[in-house]
Structures are given as C-alpha cells and as structure tokens.
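Here is what each chain is made of, one letter per residue.
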Amino acid sequence: MSTPKIKATVEKMVTPYLEENGFELVDVEYVKEGSNWFLRVFVDKDGGIDIDDCGRISEYLSEKLDENDPIPSAYFLEVSSPGAERPLKKAEDVSKAVGKDVFVTTYEPVDGLKEFEGRLLSFEDGELVVEVGKKGHAIPYNKVASARLAIIF
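Below or above, wherever it landed, is the structure these notes cover. The model shown is predicted, which means the values in this text are computed figures rather than measured ones.

### Observations concerning the sheet that holds strand β1 (residues 24-33)
Pairing within the open sheet is mixed, and its three strands lie in the order β1-β2-β3. Strands at the two margins of the open sheet, each flanked by one partner only, are β1 and β3 (76-80). Pairs of neighbouring strands in the sheet enclose a mean axial angle of 15°, with direction left out of account. Taken together, the nine bridges between β1 and strand β2 (residues 36-44) define a ladder with antiparallel strand orientation. In the sheet register, Glu24 faces β2, and the bridge partner there is Asp44. Together, β1 and β2 form the strand contacts of helix α1 (residues 3-20), whose direction differs from that of β1 by roughly 145°.

And the structure:
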C-alpha cells in the first residue's frame, strides 16, 4: 500500500473516534527514518491534549490497525500533540489562526519573498494577509507550500 493510501486509511480509521471524544486530527505522517518506519498521528483539542489522551487514542488506533492490518511492514506508532508550532494543513486551520503569529512558505515568490513570519491578519477569498514588520503581504492560498503557527520572540 502506498504512503498516501496508508495515511488516508489511518485518517478514516481514527477520525470517528476522535470526533466522538472531542479531539481534532491535525495530521498523519508515515515516514521512514533510517531503517525504521514511523506512523505519527498528531491530535489536538480545545485546551490541549495530555499524555493520558495520547495513550487512549494510541490504544484505540493500535487495536484498529491490528484488526485491519493496512501496513505491511513493521512500524512504530506515535500519537502526540502537534506542539506550539502546529501545522496549518487545511483552509479551516488557517481561518482559525487569524490574529495569531504564523510562518508561511510559498511555492514561488510573492512580493519578492518565499518565507513570511508575522501576524496573520486575515484569510478571505483564497488569500492570506500576513503582516511582516509593518507591511502586509497578500498571499494566494494556492501558492502556500506550508504554513504553521509560529512563536515569535
């Protein structure tokens, strides 16, 4: 099974449980590091998640994975918080981040830049406006390569 198919299968498997229990699926990764494969599931909820939450989700998902066996090789399962610099994977994530500090990279230059770190002022009509210093940069959402919350000191 391909990596995208494994990710989609895991998302489909875990999402109903997460939604029933007040959690949000942030991301699923299936990556090889060295000689080992890792299945990482990043989960959040209002107020943040704790180690007990991660343990319960891990137990549930582990049982489902054993039942369905979608991954042919050995791997390590990790369930965790996305952290303070949470990725903004979906348009809905970007909308929720308005008013917060973000780090955005683009596929091609916008206003001569490919990296923007600053306050997300708005996200409307397929466009993010990020204030870097005192200048606002309008970034088309379809040009965003990656986006995450940022901690700016």
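### Remarks on the pattern of salt bridges
The full count for this structure, using the stated rule, is 16 salt bridges. One salt bridge connects Arg56 with Asp53, and the closest N-O pair in it is separated by 2.5 Å. Of this pair, Arg56 and Asp53 both sit in helix α2 (residues 51-68), three residues apart, which is roughly one turn of the helix. Under the relative-accessibility criterion, Asp53 is labelled buried at 3%. A salt bridge links Glu92 to Lys96; the nearest nitrogen and oxygen atoms lie 3.4 Å apart. Taken together, the positions of Glu92 and Lys96, both in helix α3 (residues 91-96) and four residues apart, correspond to about one turn of that helix. Classification of Lys96 as partly exposed rests on a relative accessible area of 48%.

### Remarks on a negative patch on the surface
Taken together, Glu59, Glu63, Asp66 and Asp69 make up a surface patch of like negative charges. Inspection of the secondary structure assignment puts Asp66 in helix α2. Given the relative accessible area of 61%, Asp66 is considered exposed.

### Description of the pairing of β2
Put simply, side chains in a regular strand alternate between the two faces of the sheet. Counting buried positions along β2 gives seven out of nine residues, so the element sits mostly inside the fold. With antiparallel pairing between neighbouring strands as the criterion, β1 and β2 make up a hairpin whose turn holds two residues, including Gly34 at a positive phi of roughly 65°. Assessed by its sense of winding, the connection that carries the chain from β2 through α2 to β3 is right-handed.

### What about the packing of α1 against α2?
In contact at an axis separation of 10 Å, α1 and α2 are set at 135° when each is read in the N-to-C sense. Classified by the angle their axes make, α1 and α2 are oblique. Our pair here, α1 against α2, has a crossing hand that is right-handed. Across the interface between the two elements, Val10, Met13, Val14, Tyr17 and Leu18 from α1 touch Arg56, Ile57, Tyr60, Leu61, Lys64, Leu65 and Asn68 from α2.

### Side note on the sheet that holds strand β5 (residues 113-124)
Read across the open sheet, the five strands follow the order β7-β6-β5-β4-β8; overall the sheet is antiparallel. For this open sheet the edge positions go to β7 (135-140) and β8 (144-149), each flanked by a neighbour on one side alone. With strand direction ignored, the average angle separating the axes of adjacent strands in the sheet is 40°. Summarising the sheet, strand β4 (residues 101-110) and β5 pair through six bridges and their orientation is antiparallel. Considered in β5, the bridge of Val104 is made with Phe116.

About the criteria used
- Residues numbered from 1 in each chain as written.
- Predicted model: local features only at pLDDT ≥ 70, side-chain atom pairs only at ≥ 80, totals over all residues.
- Heavy atoms only, no water.
- Pairing = 2+ DSSP bridges.
- Helix = DSSP H or I, 4+ residues; strand = E, 2+ residues; numbered from the N terminus.
- Axes fitted to C-alpha atoms, helices over the stretch in contact; angles between N-to-C directions.
- Contact = heavy atoms within 4.5 Å.
- Salt bridge = Lys/Arg side-chain N within 4 Å of Asp/Glu carboxyl O.
- Buried < 20%, exposed > 50% of the residue type's maximum accessible area, 1.4 Å probe, protein only.
- Patch = residues over 30% accessible without salt bridge, like charges linked within 9 Å, V, L, I, M, F, W, Y side chains within 5 Å.
- Areas by Shrake-Rupley, 256 points an atom, 1.4 Å probe, with all protein chains shown as cover.
- Lys, Arg positive; Asp, Glu negative; His and termini not counted.
- Charge placed at Lys NZ, Arg CZ, Asp CG, Glu CD.
- Right-handed = clockwise from strand over helix to strand, strands pointing away.
- Parallel < 35°, antiparallel > 145°, perpendicular 65-115°, else oblique.
- Left-handed = near helix turned anticlockwise from the far one by under 90°.

Spatial relationships are all this shows, so hold off on functional conclusions.
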